[in-house]
Amino acid sequence: MEVNQHSSEAHVTETDDHAHGHAHHDDHHDHVENFWTKYLFTTDHKMISKQFLVTAIGMAFIAMFMSLIFRLQLAWPDTKFPFLEGFLGKWAKDGVLDPGFYLALVTIHGTIMVFFVLTGGLSGTFSNLLIPLQVGARDMASGVLNMLSFWFFAVSSAVMLSSLFIETGPASAGWTVYPPLSALPQAIPGSGLGMTLWLISMVLFIASALLGGINYIATVLNLRTKGMSMTRLPLTIWAFLVTAILGVLSFPVLFAASLLLVMDRSFGTSFYLSDIFIDGAPLEHVGGSPVLFQHLFWFLGHPEVYIVLLPALGLASEVISTNARKPIFGYKAMIGSILVIAFLSFIVWGHHMFITGMNPFLGSVFVFTTLLIAIPSAVKVFNYITTLWRGNLQFTPQMLFAIGLVSFFISGGLTGIILGDSALDINVHDTYFVVAHFHIVMGSSAIFGMFAGVYHWFPKMYGRMMNKKLGYIHFWMTIVSVYGVFFPMHFLGLAGVPRRYYANTAYEGFSQLININQLITVFAILGGIAQFIFAFNFFYSIWRGKRATQNPWKSNTLEWTTPVEHLHGNWPGEIPEVHRWPYDYGKPGSKEDFIPQTIPYSETPESNTPDDLKH
């Protein structure tokens with residue numbers, strides 16, 4: 001800790017030379033910024049966070065439209081929908097969805113949601129917004145790398161969407177792009193140029209993730225303000241830091257997998273191909289294995305689950321503690337659980353591959369590590385519940401979304417125990433049971449964390465408040481529709497209904513379950529309507545919302561000490577010094593029910609022991 005203190009002081013001295021000299025600071029920001037330098041090629045972390053958020057919202061709506069289209073197909077497979085031809089052209093002639101394009105929609109929907117919304121949108125938005133503000137830094141370690149991170153993300157998004165408009169259609173091998181479908185351009189139409197664009201897009205996305213991750217790590221470790229020791233960091237920052245480390249370690253593996261796939265597709269290699277016949281003729285490929293791709297993909301794929309989840313859980317920690325008006329329960333246990341989850345996430349990837357023919361002993365090892373990761377996950381859940389217990393709860397929209405996240409994390413996590421056991425998983429693998437599990441535990445949890453973050457930090461981003469009543473409507477419609485969509489899917493999965501099938505009516509046993517798919521689709525449409533309410537609330541409030549005060553939620557963290565009006569550099573004068581941990585809420589003997597991190601212990605009742613020492 002002594003080393004940190006010295007480095008922290010050195011940083012403050014260095015920053016003070018730049019920032020405390022008021023004249024220099026003002027000169028830096030008095031120059032007139034034009035549209036390009038302020039909104040597009042900005043190096044201000046706050047503006048870059050807005051760029052990530054708005055891009056992710058746009059991508060989320062595109063992915064949602066895709067899901068509604070294939071839900072219509074699953075619910076009413078023999079019905080024509082003439083309006084679809086207007087949207088999709090040749091892919092929905094006479095209102096009938098093309099089977100190949102159905103698989104393409106499933107593929108691109110999954111890709112957009114996992115990478116562009118839940119990864120880029122969540123980490124890109126809130127790591128950018130909160131890391132400098134909550135650790136007490138003027139900006140990210142490198143503003144230029146930060147800007148490049150967003151632009152790689154934006155170009156990656158554009159390339160992915162462009163694949164929707166090519167003659168042969170977008171990638172159609174599922175969002176996991178397993179070979180041989182993804183490795184043989186001649187396999188199906190979606191294996192051609194659409195698959196190539198998918199790979200180009202993912203390489204650009206990985207570059208964005210690595211640039212951002214390195215920046216986040218450097219900022220947290222090197223640019224903390226005076227007094228901001230690691231044990232005084234908000235749990236949001238711990239979550240963002242560990243998430244960035246996970247990304248830096250695991251995304252290069254996906255890059256390697258993609259590079260080998262490109263070589264198989266274009267340069268005649270055989271990393272993933274062997275003994276395959278097309279039209280009765282054998283391929284000139286021997287020695288490869290499609291299972292190698294699965295190992296490489298899932299070595300990223302399971303850390304990716306926590307790259308998505310940890311930022312959402314970190315946001316929930318801040319929102320729950322603030323709105324319960326109570327210190328977060330078990331601060332160091334929460335940090336420990338984040339670190340243990342991060343470590344274990346690298347040694348559980350094999351549970352995605354129980355049916356690949358792996359050695360049963362090796363399978364049992366992955367079963368053990370998978371069930372082991374439930375322990376730190378349960379620690380987080382118990383700590384959230386005990387923080388809520390007997391708190392002075394304020395049911396703001398962000399608090400409801402954070403509680404909804406905890407609900408999904410519990411209900412989705414329980415089905416994870418089934419899928420983590422190889423003997424049970426084999427029976428429901430590749431059925432709707434799997435779809436239900438990961439949409440609840442990863443997808444919906446992360447989305448609810450993202451919504452909680454948007455409602456909570458909207459005043460800091462835009463200087464205005466979102467409409468609370470519309471927030472309540474959005475929450476209740478969304479949580480009802482999410483459970484309405486994904487809870488019945490468990491029963492489809494237990495009945496053996498396979499996922500990604502164009503129509504289940506071809507099988508007599510499954511055609512009896514069509515009414516469940518119709519119920520799911522009705523709830524999906526309800527959920528889609530709810531997101532339009534959110535979008536209206538979001539964009540209307542940017543310009544017409546009630547003006548925010550400096551600290552509308554009476555929070556303790558440093559971002560609420562900055563002015564409502566944004567300036568590049570965050571604080572107009574000195575960067576505040578930190579004296580305490582960020583969760584001093586509801587302390588006995590204190591005049592207020594919150595004590596910001598900048599208040600020295602000498603200004604609070606002597607009976608209050610420093611909480612970062614107790615916790």
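Residues numbered from 1 in each chain as written. Predicted model: local features only at pLDDT ≥ 70, side-chain atom pairs only at ≥ 80, totals over all residues. Heavy atoms only, no water.

Asks: Whenever I open this one, the overall build of the chain confuses me. Can you help?
Replies: Scanning the chain for helices and strands turns up 21 helices and two strands. For the chain, whose C-alpha radius of gyration is 25 Å, the value lies close to the compact-globule estimate of 25 Å for 615 residues. Projected onto its principal axes, the C-alpha coordinates of the chain cover approximately 80 × 55 × 50 Å. Taking all 615 residues of the chain together, the buried fraction comes to 58%. For the chain, the proportion of contacts with a sequence separation of at least 24, taken over those separated by at least 6, is 79%. (Helix = DSSP H or I, 4+ residues; strand = E, 2+ residues; numbered from the N terminus. Rg over C-alpha atoms; globule rule 2.2 N^0.38 Å. Buried < 20%, exposed > 50% of the residue type's maximum accessible area, 1.4 Å probe, protein only. Contact = heavy atoms within 4.5 Å.)

Asks: Could you clarify how one ought to interpret empty space enclosed by the protein in this entry?
Replies: Over the atoms a probe the size of a water molecule is rolled, and this reveals where empty space is left. Going through the model one piece at a time under the given rule, you end up with five cavities of 30 Å³ or more. Its volume calculated, the largest cavity comes out at about 1100 Å³. Lining the largest cavity are 46 residues; nearest its centre among them are Ser67, His109, Met113, His439 and Phe486. Mapped onto the lining of the largest cavity, the elements with two or more residues apiece are helix H4 (45-75), helix H6 (99-117), helix H17 (432-462), helix H18 (468-494) and helix H20 (514-544). For the lining of the largest cavity, the element with the highest residue contribution is H17, accounting for 12 residues. Of the residues in the lining of the largest cavity, the class split is 32 nonpolar, 11 polar and three charged. Within this model, the second largest cavity holds a volume of roughly 220 Å³. Lining the second largest cavity we find 21 residues, and of these Thr119, Ser123, Ala209, Gly213 and Tyr216 sit closest to its centre. Every element with two or more residues in the lining of the second largest cavity is listed here: helix H7 (120-135), helix H8 (143-162), helix H9 (193-222) and helix H10 (235-266). (1 Å grid on protein atoms, 1.4 Å probe; cavity = no way out; pocket = protein on both sides within 12 Å on 5 of 7 lines; lining within 4 Å. Points joined across faces, edges and corners; volume = space filled by probe spheres on them. Nonpolar A, V, L, I, M, F, W, Y, C, P; charged D, E, K, R; others polar.)

Asks: Teacher, can you tell me more about the packing of aromatic side chains here?
Replies: Centre distance and the angle of the planes are the two values used to describe a pair of aromatic rings. Tallying each qualifying case throughout the model produces 49 aromatic pairs. The lysine or arginine in question, Arg580, covers the ring of Tyr601, its NZ or CZ lying 4.2 Å from the ring centre. (Phe/Tyr/Trp six-rings, centres within 6.5 Å; stacked < 30°, edge-to-face > 60°. Lys NZ or Arg CZ within 6 Å of the ring centre and 35° of its normal.)

Asks: How should I be thinking about the pattern of salt bridges in this particular structure?
Replies: Any two side chains of opposite charge can pair, so long as their charged atoms come close to each other. As enumerated under the stated definition, the model contains six salt bridges in all. The closest approach of N and O atoms between Lys90 and Glu167, which form a salt bridge, is 3.1 Å. Note that Lys90 is positioned in the loop between helix H5 (83-88) and H6 and Glu167 in the loop between H8 and H9, a separation of 77 residues in sequence. Note on Lys90: relative accessible area 41%, which makes it partly exposed. Measuring nitrogen to oxygen at the nearest pair gives 2.9 Å for the salt bridge that ties Arg499 to Asp430. Taken together, the residues Arg499 in the loop between H18 and helix H19 (508-511) and Asp430 in the loop between helix H16 (422-428) and H17 connect sequence positions 69 residues apart. Residue classification places Arg499 among the buried residues on the basis of a relative accessible area of 19%. Within this structure, Arg580, Asp584 and Lys587 form a network of salt bridges that share partners. (Salt bridge = Lys/Arg side-chain N within 4 Å of Asp/Glu carboxyl O.)

Asks: What's the story with the confidence of the model for the chain in this structure? I'm lost.
Replies: Residues with a pLDDT of 70 or more make up 93% of the chain, whose mean pLDDT is 90. Low pLDDT, under 50, characterises residues 1-30; the predicted model gives this stretch 43 contacts beyond four residues in sequence or across chains. Across residues 606-615, confidence stays below pLDDT 50; counting only partners more than four residues off in sequence or on other chains, it has 19 contacts. (pLDDT = per-residue confidence, 0-100.)

Asks: I tried to follow the nonpolar core on my own but got confused; where do I start?
Replies: Grouped burial of nonpolar side chains is what soluble globular proteins tend to show. Counting 180 residues, the largest nonpolar core has Phe115 and Phe538 as its most contacted members. In this structure, Phe538 is in contact with Leu53, Ile57, Val454, Phe458, Tyr462 and Met466, ignoring residues within four places of it in sequence. (Core = buried A, V, L, I, M, F, W, Y, C linked by side-chain atoms within 4.5 Å.)

Asks: Before we go on, may I ask you to explain the side chain of Asn556 in this structure?
Replies: Residue placement: Asn556 occurs in the loop between H20 and helix H21 (611-614). Given a relative accessible area of 1%, Asn556 falls into the buried group. What Asn556 contacts, discounting residues up to four positions off in sequence, is Pro582, Tyr583, Asp584, Tyr585, Phe594, Ile595, Pro596 and Gln597.

Asks: Help me understand a nonpolar patch on the surface, please; the structure alone is not making it clear to me.
Replies: A surface patch of nonpolar side chains, amounting to about 540 Å² of accessible area, comprises Leu371, Phe382, Ile385, Ile410, Leu414 and Ile417. Taken together, the elements giving at least two residues each to the nonpolar patch come down to helix H14 (374-388) and helix H15 (397-419). The element contributing the most residues to the nonpolar patch is H15, with three residues. Tracing the backbone through its elements, the reader meets Ile417 in helix H15. (Patch = residues over 30% accessible without salt bridge, like charges linked within 9 Å, V, L, I, M, F, W, Y side chains within 5 Å. Areas by Shrake-Rupley, 256 points an atom, 1.4 Å probe, with all protein chains shown as cover.)

Asks: Please clarify how the environment of His566 should be interpreted in this entry.
Replies: Position of His566 relative to the elements: it lies in the loop between H20 and H21. Along the sequence, His566 and Pro488 sit 78 residues apart, while their C-alpha atoms lie 46 Å from each other. When residues no more than four places from it in sequence are discounted, the contact partners of His566 are Lys46, Lys50, Lys460 and Met461. Of note is the side chain of His566, whose polar atom sits 3.4 Å from the backbone oxygen of Met461. (Polar contact = N/O pair within 3.5 Å; in protein donor to acceptor, adjacent residues only side chain to side chain.)

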